[in-house]
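Chain by chain, the residues run as shown.
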Amino acid sequence: MKQPIYLDYNATAPVLPEVKQAVLDAMDCTGNPSSVHSAGRQAKKIIEDARVKVAALVGARARDVVFTSGGTEANNLVLKGTPAASIITSTIEHDCILAGAKSSGKPVYLVPVTNSGVVDLISLAEILAKAEKPALVSIMLANNEMGAIQPMTEVSQISKEYGAFVHTDAVQAAGKMNIDRDALGVDYLTLSGHKFGGPKGVGALILTPTAPLSAEIVGGGQELGRRSGTENVASIAGFGVAAIAAFDNITQMERIEKMRDHLEIAISQKADDAIVVGKACPDRLANTSCIIMPHTSGETQVMHMDLNNICISSGSACSSGKVKVSHVMTALGFDANKASNSIRISLGLGTTETDIEQFLSAWFDLYDRTQKRHASEIKAES
Ligand code: PLP
């Protein structure tokens with residue numbers, strides 16, 4: 001079968017060939033990293049080499065990196081392992097933050113976002129003033145659905161004035177923009193390997209030397225007691241290689257942004273009733289586009305694209321036979337109807353101009369058909 005046109009990099013990015021090789025090589029290493037013999041030391045070395053590479057991606061020290069099973073676990077670890085008395089997060093976070101905060105048992109406060117998808121800093125300060133202290137402020141560095149980049153340095157500055165700890169979920173930002181942990185001023189930062197060419201099921205929580213954290217998974221005391229369990233050596237090796245490659249990914253973002261902008265301009269020229277979500281956002285991930293096509297559900301659009309051999313995502317998700325409207329779209333102020341008509345197109349290293357043209361041709365085709373159907377429905381009603 002012909003390879004599909006893959007425009008869903010924010011869901012997961014293809015594994016890089018050098019990552020695949022590193023994973024295979026590490027699988028040949030038999031030792032348990034906790035064993036003191038030579039085979040164990042060899043496995044330990046693979047992990048420690050990867051730790052240096054992952055730390056370098058965000059300007060941290062190797063010992064600050066706690067390897068986890070991915071972004072979801074790292075986010076849960078900080079939300080549940082923090083000694084903070086309350087959690088302050090935003091309305092556009094990933095579900096694993098919203099659900100993790102709720103299940104932490106601590107009071108949770110949600111900071112609203114502006115229509116362009118940026119956290120409202122005045123509301124943040126107001127919430128910080130009234131929340132139980134110290135609070136943990138957890139704000140994502142870049143949004144997964146529409147790409148809004150958050151003003152993390154300002155978020156940290158304001159939060160520190162109230163004695164809060166600060167966490168950022170940088171899962172979508174990594175490999176798409178430079179990340180300097182110290183410049184962001186955060187105490188904790190989350191990464192996930194599969195979003196930038198690494199294996200699925202491996203990630204990290206990166207914390208500063210003074211950031212407190214209790215372990216969620218206890219046992220053999222691996223990861224300096226912060227996350228027990230024999231490490232996933234092969235995936236960690238691949239994660240390290242992907243972290244090095246991520247520096248190169250970032251240099252490709254200008255080329256990717258041009259294709260993304262072309263896509264959005266072409267859609268706006270063809271369909272003045274289509275909405276490019278987050279267009280007014282001052283800072284957006286270069287690879288992400290979120291579009292609302294009038295009168296057509298996101299699910300229908302995803303299916304239409306799939307029939308045209310194109311992979312994209314819809315903001316809404318179907319669970320238990322019901323379509324769940326994206327909380328991100330609702331937080332941006334879209335009504336349920338518009339919110340359920342959103343799709344996400346996310347580009348990456350392998351995206352070509354031809355891919356974009358084929359996507360546009362399929363989108364225009366569906367748009368024209370929908371417009372005709374809608375016009376005849378209106379005529380029938382009148
Ligand atoms: N945070 C964000 C912003 C994400 O987009 C995702 C995955 O989509 C996650 C966290 C979860 O990461 P993982 O898939 O590694 O559990």
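The sections below set out a description of the structure shown in this document.

### Focus on the overall build of the protein
No. 1: Along its length, the protein carries 13 helices and 15 strands.
No. 2: Relative to the 2.2 N^0.38 estimate, which gives 21 Å for 382 residues, the radius of gyration of the protein is 22 Å and therefore close to what a compact globule would have.
No. 3: A buried classification covers 56% of the 382 residues belonging to the protein.
No. 4: Pairs at least 24 residues apart make up 70% of the contacts formed inside the protein by residues separated by at least 6 positions.
No. 5: Accessible surface computed for the protein: about 16,200 Å², of which carbon and sulfur atoms make up 55%.
No. 6: Of the side-chain charges in the protein, 35 are positive and 41 negative, and the distance between the mean point of each set is 4 Å.

### Here we look at the sheet that holds strand β12 (residues 313–314)
No. 1: Taken together, 4 strands build an open sheet; the order of strands is β9-β10-β15-β12 and the sheet is antiparallel. Here the strands that pair on one side only, and so sit at the sheet edges, are β9 (275–277) and β12.
No. 2: The pairing of β9 with strand β10 (residues 288–292) spans 3 bridges and is antiparallel. Across the sheet, Ile-275 pairs through a bridge with Ile-292, a residue of β10.

### Comments concerning the packing of aromatic side chains
No. 1: Throughout the structure, instances matching the rule amount to 5 aromatic pairs.
No. 2: Aromatic pair Phe-67 and Phe-239: ring centres 6.0 Å apart, planes at 65 degrees, arrangement edge-to-face. With a gap of 172 residues between them, Phe-67 in strand β2 (residues 65–68) and Phe-239 in helix α8 (residues 233–251) connect regions that are remote in the sequence.
No. 3: On the basis of relative accessible area, Phe-239 is assigned to the buried category, the value being 0%.
No. 4: Three or more aromatic residues link up through ring pairs in this structure, and these residues are Phe-67, Phe-196 and Phe-239.
No. 5: Taking NZ or CZ as reference, Lys-270 lies 5.4 Å from the ring centre of Phe-364, over its face.

### Notes on the side chain of Asn-76
No. 1: The residue Asn-76 is located in helix α3 (residues 71–81) in this model.
No. 2: Look past the residues within four positions of Asn-76 in its chain and what remains in contact with it is Gly-81, Cys-96 and Gly-100.

### Notes on the site of the ligand
No. 1: In the region of the ligand, 14 residues are neighbours, and Gly-71, Thr-72, Asp-169, Ser-192 and Lys-195 sit closest.
No. 2: At 3.4 Å, a side-chain N or O of His-94 approaches an oxygen atom of the ligand.
No. 3: At 2.8 Å from an oxygen atom of the ligand is found a side-chain nitrogen or oxygen belonging to Gln-172.
No. 4: Protein burial of the ligand: of its 390 Å² of free accessible surface, 86% is covered by the chains.
No. 5: Per-element accounting of the shell around the ligand gives the leading share, 3 residues, to α3.
No. 6: Residues of the shell around the ligand, tallied by class, amount to 3 nonpolar, 9 polar and 2 charged.

### Overview of the sheet that holds strand β4 (residues 108–111)
No. 1: Pairing is mixed in the open sheet, where 7 strands are placed in the order β2-β8-β7-β6-β5-β3-β4. Strands at the two margins of the open sheet, each flanked by one partner only, are β2 and β4. Direction aside, the axes of adjacent strands within the sheet are offset by 20 degrees on average.
No. 2: Bridge analysis of strand β5 (residues 135–138) against strand β6 (residues 165–169) gives 3 bridges, and the strand direction is parallel. Opposite Ser-138, over in β6, you have His-167 as the bridge partner.
No. 3: Its contacts with the sheet put helix α2 (residues 38–57) on β2, β7 (188–192) and β8 (203–207), and the angle it makes with β2 is roughly 110 degrees.
No. 4: Strands β5 and β6 of the sheet are contacted by helix α6 (residues 152–161), whose axis makes an angle of about 160 degrees with β6.

### Some words on helix α9 (residues 253–270)
No. 1: Between its terminal C-alpha atoms α9 stretches 26 Å, which fits the 26 Å expected from 18 residues at 1.5 Å a residue.
No. 2: Residues Met-253, Ile-256, Met-259, Arg-260, Leu-263, Glu-264, Ala-266 and Ile-267 constitute the buried set of α9. Considered in projection along α9, the buried side chains sweep an arc of 160 degrees and stay on one side of the axis. Residues of α9 that are exposed and point over 90 degrees away from its buried face: Glu-254, Lys-258 and Gln-269.
No. 3: Where α9 is buried, its residues meet α8, β9, β10, β15 (342–346) and α13 (353–381).

### Things to note about unusual backbone geometry
No. 1: Of note, the amide linkage connecting Lys-133 to Pro-134 takes the cis form, showing an omega dihedral of -5 degrees.
No. 2: With respect to the helices and strands, Pro-134 occurs in the loop between α5 (121–130) and β5.
No. 3: For Glu-223, which is not a glycine, the phi torsion comes out positive at approximately 50 degrees.
No. 4: Considering the arrangement of structural elements, one finds Glu-223 in the loop between β8 and α8.

### Quick word on the side chain of Ser-90
No. 1: Residue placement: Ser-90 occurs in strand β3 (residues 86–90).
No. 2: A distance of 3.2 Å separates the side chain of Ser-90 from the backbone nitrogen of Ile-92, its partner in a polar contact.
No. 3: Those residues in contact with Ser-90 that sit more than four places away from it in its chain are Leu-98, Leu-110, Val-111, Val-119, Ser-138 and Ile-139.

### Describing the pairing of β2
Residues in a regular strand project their side chains so that they alternate between the two faces of the sheet.
No. 1: Going residue by residue along β2, you find Val-65 and Phe-67 tucked away on one face and Val-66 and Thr-68 tucked away on the opposite face as well.
No. 2: Looking at chain direction, β2 and β8 are connected through 4 bridges and run antiparallel. What sits directly across from Val-65, in β8, is Ile-206.

### Some details on the packing of α3 against helix α4 (residues 95–103)
No. 1: Where α3 meets α4, the closest approach of the two axes is 9 Å, and the angle between their N-to-C directions is 30 degrees. Considering their axes alone, α3 and α4 lie roughly parallel with respect to each other. The crossing of α3 and α4 is right-handed. Here α3 contributes Thr-72, Asn-75, Asn-76, Leu-79 and Lys-80 to the contact with α4, which in turn contributes Cys-96, Ile-97, Gly-100, Ala-101 and Ser-103.

Reading the values: rules and limits
- Residues numbered from 1 in each chain as written.
- Predicted model: local features only at pLDDT ≥ 70, side-chain atom pairs only at ≥ 80, totals over all residues.
- Heavy atoms only, no water.
- Helix = DSSP H or I, 4+ residues; strand = E, 2+ residues; numbered from the N terminus.
- Rg over C-alpha atoms; globule rule 2.2 N^0.38 Å.
- Buried < 20%, exposed > 50% of the residue type's maximum accessible area, 1.4 Å probe, protein only.
- Contact = heavy atoms within 4.5 Å.
- Areas by Shrake-Rupley, 256 points an atom, 1.4 Å probe, with all protein chains shown as cover.
- Lys, Arg positive; Asp, Glu negative; His and termini not counted.
- Charge placed at Lys NZ, Arg CZ, Asp CG, Glu CD.
- Pairing = 2+ DSSP bridges.
- Phe/Tyr/Trp six-rings, centres within 6.5 Å; stacked < 30°, edge-to-face > 60°.
- Lys NZ or Arg CZ within 6 Å of the ring centre and 35° of its normal.
- Near = heavy atom within 4 Å.
- Polar contact = N/O pair within 3.5 Å; in protein donor to acceptor, adjacent residues only side chain to side chain.
- Nonpolar A, V, L, I, M, F, W, Y, C, P; charged D, E, K, R; others polar.
- Axes fitted to C-alpha atoms, helices over the stretch in contact; angles between N-to-C directions.
- Expected span 1.5 Å × (residues − 1).
- Arc of directions from axis to C-beta.
- Parallel < 35°, antiparallel > 145°, perpendicular 65-115°, else oblique.
- Left-handed = near helix turned anticlockwise from the far one by under 90°.

Read these as layout, nothing more, since geometry by itself doesn't imply function.
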